[in-house]
Amino acid sequence: MNISIFYEKQDPYKTIKDLTYHIGSVGVELKETNQNRQDIDIAAFTYNDAKYIRREIQVNNEDIYFLYIYIETYSESLKELEYFLNKIEGITQSKGMQTRRANFREEELFISSLPLMQNPELIKKVGRRNILTSGLLSTYPFISSTIFDSKGIFIGTNIYNNSLVFIDRYNTEKYKNANICIFGTSGAGKSFYSKLLILRYKLLGIKQYIIDPDREYNILCKKIKGTEIKIGPTSKTYINVLEIRKESIEEGESGYLATKISKLIGFFNLIFGELNEEEKALMEEKLIETYKNKNITFDDESLYKKNTNKIINKEFKKSKDMPRLQDLYEILDKDKRTKKFKTKLLPFIEGSMKFFNEYTNIELDNELIVADIYDLGEENLKYGMYIFAEIFWDKVKENRSEKKAIYLDEIWRLIGVTSNKNVASFIYKIFKTIRKYGGSSVAITQDISDIFSLEEGIYGKSILNNSSIKTFFALEEENIKILSNFTNLSEKEKIEIKSLKRGECLMFVGDDHILTKIEASELEKKIIEGEK
């Protein structure tokens, strides 16, 4: 099949003059003619069309064109040729397009289909249609966006034209940031895609930190010799929640204790529920007292070890020099106003969550670190996610010149209705400012409704808007409706997302929208899926 499309721009002044005359004469006819006339509906239809076209030309600066579309099909068999003709007519008519066979004008149609730029007069009058500029844009055939960043990693192929998709998300000249959102229903391929990104960026030596609430990345971590940190009732690795790390503020900045307290308020909001301003002030007072008992104050020099009155070679205090939750618990017990906090903190001191009341014994020197928090259980996952988000954020700020990435799987737990404003604000801060540190934040979730559930979705929307690359795998209709409220999805794209197959996605890369099939080699599949 060959298709030829011709466009002829018309003189707008002559068009407006002709339209005005047509509107006037048809308008008179519609008023004076018997309403029972058979062609009254057709006359009214052309009258309204003419008014619409004139308005678009005059008000919206549209141009008007004559559009000609010629379709030529061929076959060695007359029967097959008739079949092709019927099929083409069926498809075009189902889309609301009128067709006419070029009987006795086959030669002219053939000439129009050759690369000669000839549009024979004999078939022009029959084939032409009016079209405005906005409509004309949609008729360009076989054109779709292609992304091929010279230093990018291979993502997959464009579903429409099989072109290769290479994306360099760290290209600051092309993209405003390196953040990614990956949304998709269970089994759509979002986890495979996330692992593929991790695997390929590992080859480039980029530091990557993954928060894994569903134990999906442990096999990949072992295969590529990453560090896996498990935290839970049976684990032997611990994190001291109250520990202040040297990398928590950048070199040249100040305010170790103030920075830590603001983060802890977010953590305690998760435990105690939403704290009001008075309760926040009370908790801050007790935290200051807790650190003071360990000789840590708002003076940053207090975070360094001393011998008599001299600082020892700027050696930062270790985890065992810091307070634990036990120390805070004892201080809360002394004040009647904080008894209720003490009660809620009890599981973290003597109960099922007491592993949070230990000194840190983990190392974070590997290029790939996976935080496995699966053993925390459904209700307690948010605590682990927040703590590791804080730790990884400190690692990101350690060196601005290094490229790095944080992957937040099931991010809805931190910015959804089960979270709170302090925590969600911290996560949003990561997405908003990580670019300054050479970093990338990756938000992964299947629960679209949950990420837009807190504060009328302002945090979910902010994270979405602060991600230059958005990847949508297959979604249910309900989630597509929610997503369309926060993105510029077209009606066509809504249908496409719903019908995507496993491993296919709609990617928003900057201003380009691309339907992409994720591609992986057999070796990559074996590594990701854990095969030997």
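Overview of the structure. (Residues numbered from 1 in each chain as written. Predicted model: local features only at pLDDT ≥ 70, side-chain atom pairs only at ≥ 80, totals over all residues. Heavy atoms only, no water.)

Of the volumes computed, that of the largest pocket is approximately 1100 Å³. Every residue lining the largest pocket is counted, 31 residues in all, and those nearest its centre are Ile 69, Thr 99, Arg 100, Arg 101 and Ala 102. Looking at the lining of the largest pocket, the elements that each hand over two or more residues are strand S2 (64-72), helix H3 (78-94), helix H4 (106-113) and helix H5 (121-127). Its residues assigned to classes, the lining of the largest pocket shows 16 nonpolar, 7 polar and 8 charged. (1 Å grid on protein atoms, 1.4 Å probe; cavity = no way out; pocket = protein on both sides within 12 Å on 5 of 7 lines; lining within 4 Å. Points joined across faces, edges and corners; volume = space filled by probe spheres on them. Helix = DSSP H or I, 4+ residues; strand = E, 2+ residues; numbered from the N terminus. Nonpolar A, V, L, I, M, F, W, Y, C, P; charged D, E, K, R; others polar.)

Another point: the packing of helix H15 (residues 421-433) against helix H17 (residues 458-465). Orientation of H15 relative to H17, taken along the N-to-C sense of each, is 5 degrees, at an axis distance of 9 Å. One way to sum up the angle between H15 and H17 is to call them roughly parallel. Within the contact between the two elements, H15 uses Lys 421, Ala 424, Ser 425, Ile 427, Tyr 428 and Phe 431 and H17 uses Tyr 459, Ser 462 and Ile 463. (Axes fitted to C-alpha atoms, helices over the stretch in contact; angles between N-to-C directions. Parallel < 35°, antiparallel > 145°, perpendicular 65-115°, else oblique. Contact = heavy atoms within 4.5 Å.)

Core analysis: the largest hydrophobic core is formed by 134 residues, its most contacted members being Phe 268, Leu 345, Phe 356, Phe 388, Phe 392 and Ile 427. The next biggest cluster of nonpolar side chains, apart from the first, holds 8 residues, and it includes Ala 50, Ile 53, Ile 57 and Ile 64. (Core = buried A, V, L, I, M, F, W, Y, C linked by side-chain atoms within 4.5 Å. Buried < 20%, exposed > 50% of the residue type's maximum accessible area, 1.4 Å probe, protein only.)

A large share of strand S11 (residues 368-372) lies buried, amounting to 5 of its 5 residues. Here S11 shows two buried faces, one formed by Leu 368, Val 370 and Asp 372 and the other by Ile 369 and Ala 371. Direction of pairing for strand S7 (residues 207-212) relative to S11: parallel, over a ladder of 5 bridges. Opposite Ile 210, over in S11, you have Val 370 as the bridge partner. (Pairing = 2+ DSSP bridges.)

Attention shifts here to the environment of Phe 356. Here Phe 356 shows up in the loop between helix H12 (339-349) and S11. As for Phe 356 and Ile 231, which are separated by 125 residues in sequence, their C-alpha atoms are 8.8 Å apart. The contacts of Phe 356, once residues within four sequence positions are left out, are Ile 231, Ile 239, Val 241, Leu 325, Phe 348, Leu 376, Tyr 383, Gly 384 and Ile 387.

So, about the sheet that holds S2. Reading across from one edge, S1-S2-S3 is the order of the 3 strands in this open sheet, with antiparallel pairing throughout. Each edge of the open sheet is held by one strand with a lone partner, namely strand S1 (2-9) and strand S3 (128-132). In this sheet, neighbouring strand axes are inclined to one another by 30 degrees on average, regardless of whether the strands run parallel or antiparallel. Sheet topology places S1 next to S2; 8 bridges connect them, and they run antiparallel.

Okay, the pattern of salt bridges next. Counted by the stated rule, this structure contains 33 salt bridges. Here Asp 149 and Lys 174 are joined by a salt bridge, their closest N and O atoms 2.6 Å apart. A residue pair is termed long-range when its members are at least 10 positions apart, and Asp 149 in the loop between helix H6 (133-137) and strand S4 (153-158) and Lys 174 in the loop between strand S5 (164-167) and strand S6 (180-183) qualify at 25 residues. Judged by its relative accessible area of 43%, Lys 174 is partly exposed. In this structure, Glu 398 engages Lys 395 in a salt bridge whose closest nitrogen and oxygen atoms are separated by 2.9 Å. One network of salt bridges, with partners in common, ties together Arg 245, Lys 260, Lys 263, Glu 390 and Asp 394. (Salt bridge = Lys/Arg side-chain N within 4 Å of Asp/Glu carboxyl O.)

Once that is clear, we can look at a nonpolar patch on the surface. On the surface, Met 1, Ile 3, Ile 69 and Met 97 cluster together into a nonpolar patch covering about 360 Å² of accessible area. Looking at the secondary structure, you find Ile 3 in strand S1. We classify Ile 3 as partly exposed; its relative accessible area is 41%. (Patch = residues over 30% accessible without salt bridge, like charges linked within 9 Å, V, L, I, M, F, W, Y side chains within 5 Å. Areas by Shrake-Rupley, 256 points an atom, 1.4 Å probe, with all protein chains shown as cover.)

With that settled, consider unusual backbone geometry. One non-glycine residue, Phe 104, lies in positive phi territory at about 65 degrees. If you check the backbone angles, Glu 455 has positive phi at about 55 degrees while not being a glycine. Inspection of the secondary structure puts Glu 455 in the loop between helix H16 (448-451) and H17.

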